[in-house]
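Each chain, letter by letter, is given below.
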Amino acid sequence: MINIGGPKSFIMFGFNKKKKIDSQSAPAGDLAMDQKPFEIIIQNIEDGVVLFDSQGTLKLLSPSAEKITGWNTKDAVGINVKQVVQLVNGKGEAYADADNPLMKILKSNNPIRDNEDYIMSRSKSQVAVSLSLSPIINEAGATTAAVAVFRDVTQERAQDQQRKDFVSTASHEMRTPVAEIEGYLSLALNEKVATIDEKARGFIDKAYASTRHLGKLFQDLLTSTRAEDGSLVDNPVVIDMGETLEKLTDGLKIIGQKKNLLTEFVIGSSTLINATSENGQMLKPFYYVYADPERIEQVINNIYDNAMKYTNQGKITIGLTGNDKVVQFYIKDTGVGIPEGDASHLFQKFYRVDSTATRTIGGSGLGLFICKKIIELYKGRIWVESEVDKGSTFFINLPRLSSQQAADLNSPNTIKPTAKPLDK
Ligand code: ADP
């Protein structure tokens, strides 16, 4: 018996070969006589179980773990767990230590769950796994070992992919006729090309609004499935966020006016903004980021659209600030606000706040999910701060490029990441 992590958590090593236990040959009462319950569980559990110490040295490999990894206990015990449980991402890439959940757990006091990864078996085949890691903590509060439990989810992953493919194909196929209907309805409403009476105009107006809504829903479904499986293609370039936001605000102002909402653009609150040059003139800082302008525009339009939907009076402020590492932009409204309990869920797929405002205002709950995926694509962060009846501010941080980095990326001699077409 080896004692790991203090007197309460002892683990026994060196099992006999798996014993067949069924209700006829071994009544439940007999099991404890020749095997400890713990051993019975480890020997028979369908999930793979491994135990490793604070150095990552593998101490135990259950029979199911042997099956999934293709390693046997004799060869595996004593070597590093990373070699036996070779985790790779969806692209088949191995993890650096800093990102490998098996290493991260040894520095953590909390369990880690992971449903996206694969185990590369000893025979080099990839097995989709759902992984759960638990730290073993001693009485002093230090993580002295960890247990990893993993399940082969090849079938579930395949079914999930089929479902995503279906949603993606269906929304793609339906978007085209809906766009056509939208186009014809828009022509019917255009006084220069069609003559209709007022009653018909009222009906067509409604049909046009609903068709636009449907078209947006299909587009959002398509984008979100692509964002989920990592196939959201983009064409990143160097963007000056100051210029981009200023231009976008000009267009959004007109949309806001339809609801009598003022839209303003502010650059400020950073010390960098107020930096002056030697001759005393204000220096305009360049807030460079590396992203696809259309994707960034998509994010801003979506958040602005929400700000407008959920604000009845006041103004919407689009702001820009930052420091030498980060560019921060935000969209602040004076609207209905978001209850505290809902704020952390807003970026989940299909999540909508259940309130009078949202029940009367249409939406799919996909917009912010897509925004988060896009911002994460550029290694950024998005979050919201809000107070009910006062308003909400959506913040976005993106890594900032120095002027030198921006110039290098813009240089014709620089090899840039391959540009891919947008999934329009
Ligand atoms: P949708 O607006 O299509 O429902 P989103 O993902 O864009 O989907 O937003 C999710 C939910 O977040 C909305 O349904 C709404 O409840 C809430 N929300 C988003 N933006 C705001 C805002 N500016 N003010 C109040 N609530 C908001």
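Look up a bit, the structure's there.
What this report covers is the structure whose coordinates are included nearby. Model, not experiment: these values are computed from the prediction.

Before going further, it helps to examine the overall build of the protein chain. From N to C terminus, the protein chain includes 14 helices and 16 strands. When each of the 424 residues of the protein chain is scored for burial, the buried share is 40%. Looking at the protein chain alone, contacts between residues at least 24 apart form 60% of all its contacts between residues at least 6 apart. Total accessible area computed for the protein chain in this model is approximately 24300 Å², and 54% of it derives from carbon and sulfur atoms.

Time to look at the side chain of S108. With respect to the secondary-structure elements, S108 resides in the loop between α6 (101-104) and β6 (112-114). Here S108 is in contact with P135 and T143, once residues within four sequence places are set aside.

Taken in spatial order, the five strands line up as β11-β13-β14-β16-β15 in an open sheet, and their pairing is mixed. The sheet is open, and its two borders are formed by β11 (262-267) and β15 (381-387), each paired with just one other strand. For this sheet, the mean angle separating the axes of adjacent strands, direction not counted, is 15°. Across seven bridges, the pairing between β15 and strand β16 (residues 391-399) is antiparallel.

Describing an aromatic ring pair means giving the distance of the ring centres and the angle of the ring planes. Evaluated as defined, the whole model comprises four aromatic pairs. Considering the side-chain rings of Y330 and F395, the 5.9 Å spacing of their centres and the 45° angle between planes classify their relative orientation as tilted. In this pair, Y330 is assigned in strand β14 (residues 326-333) and F395 in strand β16, connecting sequence segments 65 residues apart. F395 carries the same exposure label as Y330, and that label is buried.

Despite not being glycine, K124 shows a phi value in the positive range, around 65°. Position of K124 relative to the elements: it lies in the loop between β7 (118-120) and β8 (126-137). Positive phi is not limited to glycine here, since N260 has a value of about 60°. By the secondary structure assignment, N260 is in the loop between α9 (241-257) and β11. N260 gets classed as exposed once you look at its relative accessible area, which sits at 71%.

On the secondary structure map, A76 appears in helix α4 (residues 73-76). You can call A76 buried: its relative accessible area is 0%. Those residues in contact with A76 that lie beyond four places of it in its chain are L58, L61, W71 and V84.

Right, let's get into the packing of helix α8 (residues 198-228) against helix α13 (residues 367-377). Relative to each other, α8 and α13 sit at 35°, their axes nearing to 10 Å. Judged by the sense of rotation from one axis to the other, the crossing of α8 with α13 is left-handed. Residues D220, T223, S224, A227 and E228 of α8 form the contact with α13, whose own contacting residues are F369, I370 and K373. Within the contact of α8 with α13, the residues separate by chemical class into three nonpolar, two polar and three charged.

Topologically, G365 is positioned in the loop between α12 (356-360) and α13. Along the backbone, G365 and R352 are 13 residues apart, and their C-alpha atoms lie at a distance of 5.3 Å. Sequence-distant contacts of G365, defined by excluding residues within four places in its chain, comprise Q348, K349, F350, Y351 and R352.

Bringing the pairing of β8 into the picture now. Where β6 lies against β8, three bridges are found, and the strand directions are antiparallel. Across the sheet, residue D114 finds its bridge partner in β8, namely L131. Where β7 meets β8, three bridges bridge the pair, whose relative direction is antiparallel. Residue pairing in the sheet places M120 in a bridge with Q126 of β8. Hairpin connection between β7 and β8: a loop of five residues separates the two successive antiparallel strands, and K124 in this loop has a positive phi of roughly 65°. In the sheet, β8 pairs with strand β9 (residues 143-152) via nine bridges, with the strands oriented antiparallel. Among the inter-strand pairings, I136 is bridged to a residue of β9, identified as A145.

With that settled, consider a nonpolar patch on the surface. Taken together, the side chains of Y184, L187 and V193 present a nonpolar region at the surface, about 330 Å² in accessible area. Structurally, V193 can be placed in the loop between α7 (154-189) and α8.

So, on to the site of the ligand. Of all residues adjacent to the ligand, which total 22 residues, the nearest are N306, D333, R352, S364 and L368. In the model, an oxygen atom of the ligand is placed 3.3 Å from a nitrogen or oxygen of the Y310 side chain. In the model, an oxygen atom of the ligand is placed 3.2 Å from a nitrogen or oxygen of the G365 main chain. If the ligand stood free it would expose 530 Å²; the protein chains cover 97% of that surface. Of all the elements, helix α10 (residues 293-309) adds the most residues to the shell around the ligand, at four residues. Broken down by class, the residue content of the shell around the ligand amounts to ten nonpolar, nine polar and three charged.

Under the defined criterion, the tally for this structure stands at 16 salt bridges. Between R151 and D47 there is a salt bridge whose closest N-O contact spans 3.0 Å. With a gap of 104 residues between them, R151 in strand β9 and D47 in the loop between α2 (37-44) and β3 (48-53) connect regions that are remote in the sequence. Looking at D47, the relative accessible area reads 14%, which means it is buried.

Basis of the calculations
Residues numbered from 1 in each chain as written. Predicted model: local features only at pLDDT ≥ 70, side-chain atom pairs only at ≥ 80, totals over all residues. Heavy atoms only, no water. Helix = DSSP H or I, 4+ residues; strand = E, 2+ residues; numbered from the N terminus. Buried < 20%, exposed > 50% of the residue type's maximum accessible area, 1.4 Å probe, protein only. Contact = heavy atoms within 4.5 Å. Areas by Shrake-Rupley, 256 points an atom, 1.4 Å probe, with all protein chains shown as cover. Pairing = 2+ DSSP bridges. Axes fitted to C-alpha atoms, helices over the stretch in contact; angles between N-to-C directions. Phe/Tyr/Trp six-rings, centres within 6.5 Å; stacked < 30°, edge-to-face > 60°. Left-handed = near helix turned anticlockwise from the far one by under 90°. Nonpolar A, V, L, I, M, F, W, Y, C, P; charged D, E, K, R; others polar. Patch = residues over 30% accessible without salt bridge, like charges linked within 9 Å, V, L, I, M, F, W, Y side chains within 5 Å. Salt bridge = Lys/Arg side-chain N within 4 Å of Asp/Glu carboxyl O. Near = heavy atom within 4 Å. Polar contact = N/O pair within 3.5 Å; in protein donor to acceptor, adjacent residues only side chain to side chain.

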